[in-house]
Amino acid sequence: MAGTIHEGPEFGIGDFVLLHDVTLEAFMDNLKLRYEKNRLYTYIGEVVVSVNPYKPVDIYNKNYVDEYKGREIYERPPHIFALADSAYTTMKRKSRDTCIVISGESGSGKTEASKIIMRYIAAVTNVGGQKEVERVKDVLIKSNVILEAVWKCQNKQE
Ligand SMILES: Nc1ncnc2c1ncn2[C@@H]1O[C@H](COP(=O)(O)OP(=O)(O)OP(=O)(O)O)[C@@H](O)[C@H]1O
């Protein structure tokens, strides 16, 4: 839960870099343990591994936004907001475009993740910038449908 700076051992390992046994079994066991404790996110350094819960989860509300806003990535338990905040802060600090690469198999939650990130950025942006973030979010969501259709057509032809 947001608000807890350090997670106890009951939540498994929050960063796979700290895993003792680098085996698929140990990796999956840790993911499973964390998921059972409602921890959808686990780091591998600066990469965020996300498990799709396939059910509504109350971990994206304003309290969570406030907990992650302006924090360093390791100050709070692993969360997609930490990644979004880090990318956003870096973009502002360096005045350079930045990107977050989201990958995973079909249905793994990529579209949801991009919406969650955009919503977070809209929430932490000043009022003047919020409209633009909303516009980009809408373009992103609409373009996703087209991209998906093209991708499915291509795969049918193969
Ligand atoms: N963080 C989440 N919380 C709750 N449900 C989620 C979350 N992420 C994904 N889901 C559920 O999983 C479904 C599939 O997710 P999504 O559409 O984002 O997958 P995708 O990776 O974009 O799939 P595709 O590649 O086929 O477009 C969503 O409709 C939603 O029901």
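Residues numbered from 1 in each chain as written. Predicted model: local features only at pLDDT ≥ 70, side-chain atom pairs only at ≥ 80, totals over all residues. Heavy atoms only, no water.

### Observations regarding the pairing of strand E1 (residues 41–44)
The test is simple: Strand pairing is assigned whenever DSSP detects at least two bridges linking the two strands. Secondary structure counts use DSSP, requiring at least four H or I residues in a row for a helix and at least two E residues in a row for a strand, with both numbered from the N terminus.
Direction of pairing for E1 relative to strand E2 (residues 47–50): antiparallel, over a ladder of four bridges. Considered in E2, the bridge of tyrosine 41 is made with serine 50.

### Quick notes on the UniProt feature "binding site: ATP" (unreviewed entry) in the protein
We count it as follows: UniProt positions are given in the numbering used here, feature names are shortened, and annotations may be inferred rather than shown by experiment. Using a 1.4 Å probe on the protein chains alone, a residue whose accessible area is under 20% of its type maximum counts as buried, one over 50% counts as exposed, and one in between counts as partly exposed. N or O atoms within 3.5 Å of each other form a polar contact, as long as, within protein, one can give a hydrogen and the other can take it, and as long as residues adjacent in sequence are counted only when both atoms are side-chain atoms.
With numbering aligned to this structure, UniProt lists the feature "binding site: ATP" (unreviewed entry) at Gly104, Glu105, Ser106, Gly107, Ser108, Gly109, Lys110 and Thr111. Structurally, serine 108 is set in the loop between helix H3 (80–94) and helix H4 (110–124). For serine 108, a relative accessible area of 25% gives the class partly exposed. Among the polar contacts made by the side chain of serine 108, one reaches the main-chain carbonyl oxygen of glutamate 105 at a distance of 2.6 Å.

### A word on the side chain of arginine 34
Here is the rule we go by: Throughout, a residue-residue contact means that at least one pair of heavy atoms, one from each residue, lies within 4.5 Å.
Its place among the elements puts arginine 34 in helix H1 (residues 24–36). There is a polar contact of 2.8 Å between the side chain of arginine 34 and the backbone oxygen of tyrosine 41. Side chain to side chain, arginine 34 and threonine 42 meet in a polar contact 2.9 Å long. What arginine 34 contacts, discounting residues up to four positions off in sequence, is Glu7, Phe11, Ile13, Gly14, Arg39, Tyr41, Thr42 and Pro78.

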